[in-house]
Amino acid sequence: MLIVEPLRDSWAREIKSVRVSVTDKCNFRCTYCMPAEGLPWLAREEILTFEEIERLVRILAQLGVDEVRLTGGEPLVRRDLPVLVGMLARVDGVQDLSLTTNGVLLDRYAAPLVAAGLRRINVSLDTLNHVRFAEIARRDALDAVLRGLEAAEQYPELRPIKLNCVAVKGFTETEVPALAELARRKPYVVRFIEFMPLDADEVWREDDVLTGGEIRAIVEEHYGPLVELPAKQSSTARRFRFADGAGELGFVNPVSEPFCSSCDRIRLTADGQLRTCLFSRREWDLKQPLRGGASDQELVDLIRFAVRHKELKHKINDPGFARASRSMSQIGG
Ligand code: SAM
């Protein structure tokens, strides 16, 4: 049997997970992510083809990466996404294939995605109030997202369904009780993610972060103490259940409780750049070698080299913090 040296960074963290962005375009304009007018989109020829993505995922899988999450921009605006899902579901070694979406096109795509082999989904949802939804996403699309979630629910093979809510101070506090109630009523794990300095408008300030601890206190005011559940070591979220057993919440606290020491992730942008941290200021170009005839071994060497340079940690809380070289929708969240 061929023994392959695992993909390890210089801090002995093993890389097991890749987030693959399939487009930088999005049909929402969430205030914490993108400007109202959008961003200059990548030209079509800049974007990796499905075959190029599949090749890189296959190489990564051979190096021990077993978790692949498709993201964007909004991944469902990429034409024929279920075809890519089918291609990646067949890659040897990919054990966990998931998708992060804003959900607005999910009612149309849930069936073909499941048929293609998707087994897990994360849907972004910041509020259950129509007016507030339009305020934060700059689109009146709550009903479409809820229809998308109902469609996903029809497929028991698509579990867990996770809802991601970006927690912004002065906005999210009032939304927490309804979102917590949703986690109790529906088979959805509702996760609150601290607002990070990855917004293209660069308006993020430390004071805008509503921490997981603050949200937990709001929930506990309504429902009493939450009970912490065990989580995978590499998990980004702390998991909790309600004391009466109905429903699960997650808290992703990158600002107040950084989890870099157990980070096992790398990212591939839509234009084929490998990023070793959300907050990287440098990227490793895989597209050019890929298109220039590089062998698998040459790509492996490049990937290993990049991973050896994976950042120890993000520096959001350090003096002189410098923002990442691109914003969230351009990286792939
Ligand atoms: N369009 C898809 C979606 O809405 O899920 C996938 C891409 S989106 C960039 C991925 C995740 O990043 C979403 O859950 C989104 O809410 C989150 N996100 C965007 N900007 C963020 C920020 N500044 N801080 C924290 N999370 C952010």
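Residues numbered from 1 in each chain as written. Predicted model: local features only at pLDDT ≥ 70, side-chain atom pairs only at ≥ 80, totals over all residues. Heavy atoms only, no water.

Visitor: For this particular structure, what's the right way to read the overall build of the protein?
Guide: Along the backbone of the protein there are 10 helices and 12 strands. A compact globule built from 333 residues should have a C-alpha radius of gyration of about 20 Å, and the protein, at 19 Å, falls within 12% of that. Here the C-alpha coordinates of the protein stretch approximately 55 × 45 × 45 Å along the principal axes. Residue pairs at least 24 apart in sequence account for 73% of intrachain contacts in the protein once pairs closer than 6 positions are excluded. Put simply, the protein shows about 14,400 Å² of open surface, and 51% of that area lies on carbon and sulfur atoms. Charge-centre separation for the protein: the mean point of 47 positive side chains lies 2 Å from the mean point of 50 negative side chains. (Helix = DSSP H or I, 4+ residues; strand = E, 2+ residues; numbered from the N terminus. Rg over C-alpha atoms; globule rule 2.2 N^0.38 Å. Contact = heavy atoms within 4.5 Å. Areas by Shrake-Rupley, 256 points an atom, 1.4 Å probe, with all protein chains shown as cover. Lys, Arg positive; Asp, Glu negative; His and termini not counted. Charge placed at Lys NZ, Arg CZ, Asp CG, Glu CD.)

Visitor: Teacher, can you tell me more about the packing of aromatic side chains here?
Guide: Two descriptors summarise a pair of aromatic rings, namely the distance from one centre to the other and the angle between the planes of the rings. By the definition in use, this model includes 6 aromatic pairs. On the numbers, 5.8 Å between centres and 90 degrees between planes, the contact of Phe28 with Phe133 is edge-to-face. One end of the pair, Phe28, is in the loop between strand 1 (17-21) and helix 1 (50-62); the other, Phe133, is in helix 4 (residues 130-137), with 105 residues separating them in the sequence. Of the two residues, Phe28 and Phe133, both sit in the buried class. A ring pair is formed by Phe240 and Phe251, whose centres lie 5.5 Å apart and whose planes are at 75 degrees; its orientation type is edge-to-face. Of this pair, Phe240 sits in strand 8 (residues 237-241) while Phe251 sits in strand 9 (residues 248-252), and the two are 11 residues apart along the sequence. Like Phe240, the residue Phe251 is buried in the burial classification. What links up through ring pairs into an aromatic cluster is the set Phe192, Phe240 and Phe251. (Phe/Tyr/Trp six-rings, centres within 6.5 Å; stacked < 30°, edge-to-face > 60°. Buried < 20%, exposed > 50% of the residue type's maximum accessible area, 1.4 Å probe, protein only.)

Visitor: Can you help me understand the packing of helix 3 (residues 106-116) against helix 5 (residues 142-153) in this one?
Guide: Two packed helices can be described by the angle between their axes and the distance between those axes. Contact geometry for helix 3 and helix 5: axes closest at 7 Å, N-to-C directions at 20 degrees. One element, helix 3, and the other, helix 5, form an angle in the roughly parallel class. Note that helix 3 runs across helix 5; the crossing there is right-handed. Residues Leu106, Asp107 and Ala110 of helix 3 touch helix 5, and the partners they reach there are Arg147, Gly148, Leu149, Ala151 and Ala152. Taken together, the residues of the contact of helix 3 with helix 5 break down into 5 nonpolar, 1 polar and 2 charged. (Axes fitted to C-alpha atoms, helices over the stretch in contact; angles between N-to-C directions. Parallel < 35°, antiparallel > 145°, perpendicular 65-115°, else oblique. Left-handed = near helix turned anticlockwise from the far one by under 90°. Nonpolar A, V, L, I, M, F, W, Y, C, P; charged D, E, K, R; others polar.)

Visitor: Is there a simple way to think about the sheet that holds strand 7 (residues 227-229) in this case?
Guide: Note on sheets: strands pair through backbone hydrogen bonds, and any given pair is parallel or antiparallel. Here 12 strands make up an open sheet; going across it, the order is 7-8-9-6-5-4-3-2-1-10-11-12 and the pairing mixed. A strand with exactly one partner marks an edge of an open sheet, and here the two such strands are strand 7 and strand 12 (284-285). (Pairing = 2+ DSSP bridges.)

Visitor: Even after reading the chapter, I still don't get the side chain of Ser17, so can you show me in this structure?
Guide: Looking at the secondary structure, you find Ser17 in strand 1. Judged by its relative accessible area of 1%, Ser17 falls in the buried class. Within the local environment of Ser17, its side chain forms a polar contact with the side chain of Glu67, the two groups lying 3.3 Å apart. Here Ser17 is in contact with Val65, Glu67, Asp264, Arg265 and Ile266, once residues within four sequence places are set aside. (Polar contact = N/O pair within 3.5 Å; in protein donor to acceptor, adjacent residues only side chain to side chain.)

Visitor: Looking at this structure, how should I read the packing of helix 1 against helix 9 (residues 296-308)?
Guide: Running from N to C, helix 1 and helix 9 cross one another at 70 degrees; their axes reach a closest spacing of 10 Å. When the interaxial angle is binned, helix 1 and helix 9 end up roughly perpendicular. By crossing handedness, the relation of helix 1 to helix 9 is classed as right-handed. From helix 1, Arg55, Leu56, Arg58, Ile59 and Leu60 reach across to helix 9, where they touch Asp296, Leu299, Val300 and Ile303. Its residues placed into classes, the contact of helix 1 with helix 9 shows 6 nonpolar, no polar and 3 charged.

Visitor: In this structure, what is going on with the site of the ligand? I would like to understand it.
Guide: Near the ligand there are 18 residues, and of these Tyr32, Gly73, Glu74, Ser124 and Met196 occur at the shortest range. One nitrogen or oxygen atom from the side chain of Ser124 is found 2.6 Å from an oxygen atom belonging to the ligand. A distance of 2.9 Å is found between a nitrogen atom of the ligand and a backbone nitrogen or oxygen belonging to Met196. A total of 550 Å² of accessible area belongs to the ligand in isolation, and the protein chains cover 94% of it. Counting residues per element, the ones that place at least two in the shell around the ligand are strand 3 (96-101) and strand 5 (161-167). Looking at side-chain class alone, the shell around the ligand contains 6 nonpolar, 9 polar and 3 charged residues. (Near = heavy atom within 4 Å.)

Visitor: Just checking my understanding: could you explain the state of the cysteines for this structure?
Guide: Any covalent bond linking the sulfur atoms of two cysteines counts as a disulfide. Tallying each qualifying case throughout the model produces 0 disulfides. The closest cysteine sulfur to the non-disulfide-bonded Cys263 is located on Cys260, 6.8 Å from its own sulfur. Look at Cys263 and you get buried, because its relative accessible area is 13%. (Disulfide = S-S within 2.5 Å.)

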